[in-house]
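Okay, here's what each chain looks like letter by letter:
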Amino acid sequence: MEIKANNPALKSWIDVKPDSDFSIQNIPFGIYTDKQTIHNACIAIGDYVMDLHMVHHLRYFKGLSLPENIFSYHSLNDFIALGKDKTCAVRDRISDLLNIENKELQSNEVHRKQIFKQQKDLQMLLPIQIGDYTDFYSSIDHARNVGMMFRDPENALLPNWKHLPVGYHGRASSIRVSGHSFHRPKGQTKPSDAPPVFGPCKLLDFELETAFVIGKQTQMGESISTEKADDYIFGMVLFNDWSARDIQTWEYVPLGPFLAKNFASTMSPWIVTLDALEPFRVEGYKQDPKVLPYLEYTGNKNIDINLEVSIQPENGEATIVSESNYKYMYWTAEQQLAHHTVNGCNVNVGDMMASGTISGPEKQQFGSMLELTWRGTNPIKLKDGSERKFINDNDTVIIKGHCQKGSVRVGFGECKAKALPAF
Ligand code: CA
């Protein structure tokens, strides 16, 4: 089905530079604050945000039967919970209002001043209230790299890996929106041939990920098929699943990650709707061996999202250290959701499911320092001449991502955070 707002021919009367992530074909949702009293839902267009509460208040959504204060809450959960019929109608209507051929808002200077604000003057907030957070492990190159380093190069993938999307339940309370710094975690680590010690993590790492946001709840006992999965996914964000490798190495046996992961995660502030990503779908991996029937899917379900990670030292210039792509995922989001719910586990609006580290097949496409420096044996040189095996105190890690087809660019903005020294 054609989605009206995705039409590549659409042009906005708002100036959008060709390299802007926020074209008229994107219309991603977020929550902004003016740092004083306002905290409203908004969309991004070019260098501006459009305050949806004002748009609604000034009657531009009349006919859509939206609840009066739906855009003035601290999160998008209630809006998302209205369902895709409503949220898609809202995106279509915004697309109309921004269209160069539509004069309704374009010609009303008073309303324009009330509705549009410069992004640089605002602060973006965490756009959703996250109930539960799950992290998968679905990039074959990442799983293979880690398996080779920590186990057996001959049997890098464990026997279950190609039969199910491996995942674990993470911690929602410590997910922060881009721009929030955090302190280097402390914990137990185990030097070789000595008893465990307590102290600041020495091997702090990023994990280049994306995450999808659940848009429709299920009841316990229900499961979601791969075919229906897209109805339950509202949109996607960039995600950094910060990891303490030395803590992880000691603690993860036999139950998996715990304190090595739950101290902080960072997400980008704009939720790009799954609708806006549809034009960028591409074919996925041929899955061999054949998966069980509940994991089978038809059509193109991977998405061509260019991803990059840079490290910016304190007062220094950022250096790009990784360039990967979401299309390298072995397991698709639809398969992850089908697997997550096949046992009857219910999901709620605002739940967040992260992809797992997204590595590509080439060395410069690896999605963590662990892989990029091969466990610290091959340090990376930054523009200022300094070297990194892992992340230093006061380094800022910036993830960016965008899709591009012809002149249409649909991007995510930034997912960035600074690692402060340990408390
Ligand atoms: Ca992860």
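The following paragraphs examine the structure supplied in this document.

Calculation rules
- The residue count restarts for each chain, going from 1 along the sequence in the order it is written.
- For a predicted model such as this one, the threshold for reporting local features is a pLDDT of at least 70, and the threshold for listing and counting side-chain atom pairs is 80 or more; totals across whole chains, interfaces and linings nevertheless cover every residue.
- For side-chain calculations, the full set of non-hydrogen atoms in the structure is used, while hydrogens and water are omitted.
- Paired rings are identified among Phe, Tyr and Trp, the last through its six-membered ring, by centres lying within 6.5 Å, and are further divided according to the angle between planes into stacked (under 30 degrees), edge-to-face (over 60) and tilted (the rest).
- The numbering of helices and of strands both runs from the N terminus, where a helix is a DSSP run of H or I of at least 4 residues and a strand a run of E of at least 2.
- In this scheme, a residue with accessible area under 20% of its type's maximum is buried, one over 50% is exposed, and one in between is partly exposed, where area comes from a 1.4 Å probe on protein chains only.
- Our definition puts a charge over a ring when NZ of Lys or CZ of Arg is within 6 Å of the ring centre and also within 35 degrees of the ring normal.
- Expected span of a helix, by definition, is 1.5 Å for each gap between consecutive residues, and there is one gap fewer than residues.
- Grouping buried Ala, Val, Leu, Ile, Met, Phe, Trp, Tyr and Cys residues that are joined through side-chain atoms within 4.5 Å yields what is termed a nonpolar core.
- In short, DSSP must find at least two bridges between two strands for them to pair.
- Side-chain atoms alone can form a polar contact between residues adjacent in sequence; in general such a contact is a pair of N or O atoms within 3.5 Å, and within protein one must be able to donate a hydrogen while the other accepts it.
- Residues are treated as being in contact if the distance between any of their heavy atoms lies within 4.5 Å.
- Buried and open spaces are told apart on a 1 Å grid over the protein atoms alone, a cavity being a set of points where a 1.4 Å probe fits but cannot get out and a pocket being an open set with protein on both sides within 12 Å along at least five of seven lines. Residues with an atom within 4 Å of a point are the lining residues.
- Grid points are joined across faces, edges and corners, and a volume is the space filled by probe spheres set on the points.
- Classification convention: Asp, Glu, Lys, Arg as charged; Ala, Val, Leu, Ile, Met, Phe, Trp, Tyr, Cys, Pro as nonpolar; all other residues, Gly among them, as polar.
- Only the stretch in contact is used when a helix axis is fitted, and all axes are lines through C-alpha atoms; the angle between N-to-C directions ranges over 0 to 180 degrees.
- By convention in these notes, a salt bridge is any Lys or Arg side-chain nitrogen within 4 Å of a carboxyl oxygen on Asp or Glu.

1. As for the packing of aromatic side chains
For any two aromatic rings, the description comes down to two numbers: the centre-to-centre distance and the angle of the planes. Applying the stated rule across the entire model yields 14 aromatic pairs. A ring pair is formed by F29 and F234, whose centres lie 6.1 Å apart and whose planes are at 55°; its orientation type is tilted. In this pair, F29 sits in strand 1 (residues 29-33) while F234 sits in strand 14 (residues 233-240), placing the two residues 205 residues apart along the sequence. The same class applies to F29 and to F234, which are both buried. Residues Y133 and F239 carry aromatic rings whose centres are separated by 5.2 Å and whose planes lie at 45° to one another, so their mutual orientation is tilted. With Y133 in strand 6 (residues 133-136) and F239 in strand 14, the pair connects residues that are 106 residues apart, well separated along the chain. Each member of the pair Y133 and F239 is classed as buried. Through pairs of rings, three or more aromatic residues link up here, namely F29, F61, F71, F79 and F234. Seen from the ring of F150, R375 lies directly overhead, with NZ or CZ sitting 4.1 Å from the centre.

2. Describing helix 3 (residues 84-98)
Because an α-helix completes one turn every 3.6 residues, residues spaced three or four positions apart along the sequence face the same direction. Taking 1.5 Å as the rise per residue, helix 3 with 15 residues should run 21 Å; its terminal C-alpha atoms sit 21 Å apart, in good agreement. Where helix 3 is concerned, the buried positions are T87, V90, R91, R93, I94, S95, L97 and L98.

3. So, the nonpolar core
Nonpolar side chains in soluble globular proteins generally cluster together in the buried interior. By size, the foremost hydrophobic cluster in this structure holds 56 residues, and its most contacted members are F206, W242, Y326, L337 and I391. The greatest single-element share of this core, amounting to 6 residues, is contributed by strand 26 (residues 408-420). Membership of the second largest hydrophobic core comes to 47 residues, among which are L10, A41, L52 and I115.

4. Observations regarding the pairing of strand 21 (residues 319-325)
Among the 7 residues of strand 21, 5 are classified as buried, and the element is accordingly described as predominantly covered. With 6 bridges joining them, strand 20 (residues 306-312) and strand 21 adopt antiparallel strand pairing. Opposite N306, over in strand 21, you have N325 as the bridge partner. With antiparallel pairing between neighbouring strands as the criterion, strand 20 and strand 21 make up a hairpin whose turn holds 6 residues, including N315 at a positive phi of roughly 60°.

5. Digging into the side chain of H340
Note that H340 resides in helix 8 (residues 333-341). Engagement of the side chain of H340 in a polar contact is seen with the side chain of T134, the distance being 2.8 Å. If sequence neighbours within four positions are ignored, H340 has contacts with T134, F136, H169, C345 and M353.

6. Regarding the layout of surface pockets
Volume-wise, the largest pocket comes out at about 740 Å³. What lines the largest pocket is a set of 32 residues, and nearest its centre among them are Y137, V166, Q248, Y252 and P257. Looking at the lining of the largest pocket, the elements with two or more residues in it are strand 6, helix 5 (140-150), strand 7 (167-169) and helix 6 (245-251). The class makeup of the residues in the lining of the largest pocket is 17 nonpolar, 8 polar and 7 charged. Its volume calculated, the second largest pocket comes out at about 600 Å³.

7. Some thoughts on the sheet that holds strand 5 (residues 123-125)
Spatially, 4-3-2-1-5 is the arrangement adopted by the 5 strands of the open sheet, whose pairing is antiparallel. For this open sheet the edge positions go to strand 4 (116-118) and strand 5, each flanked by a neighbour on one side alone. On average, adjacent strands in this sheet sit at an angle of 50° to one another, irrespective of strand direction.

8. Section: helix 5
Counting buried positions along helix 5 yields 8 of 11 residues, so the element is predominantly enclosed. Listing the buried residues of helix 5 in full gives I140, D141, H142, A143, N145, V146, G147 and M149.

9. As for the sheet that holds strand 21
The pairing of strands in a sheet comes from backbone hydrogen bonds and takes either a parallel or an antiparallel form. One open sheet accounts for 5 strands, arranged 9-26-25-20-21; its pairing is mixed. Pairing within the sheet leaves two strands with one partner each, and these edge strands are strand 9 (182-183) and strand 21.

10. So, the pairing of strand 13 (residues 208-214)
Consecutive side chains along a regular strand alternate between the two faces of the sheet. Buried residues dominate strand 13, accounting for 7 of its 7 residues. Side chains L208, T210, F212 and I214 of strand 13 all project onto a buried face; the interleaved residues E209, A211 and V213 project onto the opposite face, where all are buried too. Where strand 13 and strand 14 come together, 7 bridges link them in antiparallel fashion. Paired with A211 across the bridge in strand 14 is V237.

11. Description of the environment of E283
Mapped onto the fold, E283 is located in the loop between strand 18 (281-282) and strand 19 (302-303). For the pair E283 and D304, spaced 21 residues apart in sequence, the C-alpha separation works out to 9.2 Å. The contact partners of E283, leaving out residues within four places of it in the chain, are N300 and N302.

12. Section: the environment of D51
In this structure, D51 sits in strand 3 (residues 48-51). Considered as a pair, D51 and H39 are 12 residues apart in the sequence and their alpha carbons are 9.5 Å apart. Apart from residues no more than four positions distant in its own chain, D51 is found in contact with Y32, I38, N40, A41, C42, I115 and K117. A distance of 2.8 Å separates a polar atom in the side chain of D51 from the backbone nitrogen of H53.

13. Describing the pattern of salt bridges
Oppositely charged side chains can pair when the atoms bearing their charge come close. In the structure shown here, the tally under the stated rule is 20 salt bridges. In this structure, D121 engages K120 in a salt bridge whose closest nitrogen and oxygen atoms are separated by 3.6 Å. By relative accessible area, K120 is classed as exposed at 65%. When salt bridges with common partners are traced through the structure, they connect D205, E207, D241, R245 and K261 into a single cluster.

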